[in-house]
Amino acid sequence: IVLLVIPVILSPIWRLGRRVKGLTRLVQDAQGSTEAYAAEYLSAMSTVQIFGKENLCMREFAQLLMDKMLLVKKRIHMRSGLVCVVIFFAFACVS
């Protein structure tokens, strides 16, 4: 009976872990693109100011940050769900 229960316990943990890993990769990609955008426009600030693109740059950067924060929020929720599942199964196995 123990051999039948182990896959039932480990499969949701494994699936949630894979989702968290994928979200972590997306968050890191978003962080990299945000940093690259900031570095690119900060290094060319005089050109941006000459052509009057400050507001456009600020809006695009704000949108990148909002997208990143939404991914971070989703990852946090997924990771907390993973922790809840692990704790539930740990207490269920004890009792």
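Numbering of residues starts from 1 in every chain and runs along the sequence as written. A pLDDT threshold of at least 70 governs which residues receive local features in this predicted model, and a stricter bar of 80 or more applies before side-chain atom pairs are shown or counted, although totals over entire chains, interfaces and linings include all residues. Hydrogens and waters are ignored; side-chain quantities use all the structure's heavy atoms.

Caption draft 1: A look at the layout of surface pockets. Points on a 1 Å grid, built from protein atoms alone, make a cavity when a 1.4 Å probe fits but cannot get out and make a pocket when they are open with protein on both sides within 12 Å along at least 5 of 7 lines; residues with an atom within 4 Å of a point are the lining residues. Grid points are joined across faces, edges and corners, and a volume is the space filled by probe spheres set on the points. Volume-wise, the largest pocket comes out at about 160 Å³. In this structure, the largest pocket is lined by Tyr 37, Ala 38, Tyr 41, Leu 42, Met 45, Val 48, Glu 54, Cys 57, Met 58 and Phe 61. Following the grouping adopted for this structure description, the nonpolar residues are Ala, Val, Leu, Ile, Met, Phe, Trp, Tyr, Cys and Pro, the charged ones are Asp, Glu, Lys and Arg, and the polar ones are all others, Gly among them. Residues belonging to the lining of the largest pocket are distributed by class as follows: nine nonpolar, no polar and one charged.

Caption draft 2: Here's a closer look at a nonpolar patch on the surface. Nonpolar side chains collect at one region of the surface, where Ile 1, Val 2, Leu 3, Leu 4, Val 5, Ile 6 and Leu 10 lie side by side and expose about 780 Å² of accessible area between them. Residue Leu 3 is classed as exposed on the basis of its relative accessible area, which comes to 73%. Excluding any residue in a salt bridge, patches collect residues exceeding 30% relative accessible area, merging like charges within 9 Å and nonpolar Val, Leu, Ile, Met, Phe, Trp and Tyr side chains within 5 Å. Using a 1.4 Å probe, accessible areas were evaluated by the Shrake-Rupley method; residue-level cover was limited to the displayed protein chains. What counts as a salt bridge is simple: a side-chain nitrogen of Lys or Arg found within 4 Å of a carboxyl oxygen of Asp or Glu. Burial classification: accessible surface area is computed with a 1.4 Å probe over protein chains only, and a residue below 20% of its type maximum counts as buried, one above 50% as exposed, and the rest as partly exposed.

Caption draft 3: Just the environment of Val 72, in detail. Tracing the backbone shows Val 72 in helix 3 (residues 54-94). As for Val 72 and Arg 59, which are separated by 13 residues in sequence, their C-alpha atoms are 20 Å apart. Each helix is a run of H or I in the DSSP string that is no shorter than four residues. Each strand is a run of E no shorter than two, and both are numbered from the N terminus.

Caption draft 4: A look at the nonpolar core. The term nonpolar core refers to a set of buried residues drawn from Ala, Val, Leu, Ile, Met, Phe, Trp, Tyr and Cys, joined through side-chain atoms within 4.5 Å. Counting residues in each nonpolar core, the largest one holds five residues, listed as Leu 16, Val 20, Leu 23, Met 78 and Leu 82. When residues of this core are traced back to their parent elements, those giving at least two are helix 1 (2-43) and helix 3. The leading source of residues in this core is helix 1, at three residues. If sequence neighbours within four positions are ignored, Leu 82 has contacts with Ile 13, Leu 16, Gly 17 and Val 20. Contacts: residue pairs with any heavy atoms within 4.5 Å of one another.

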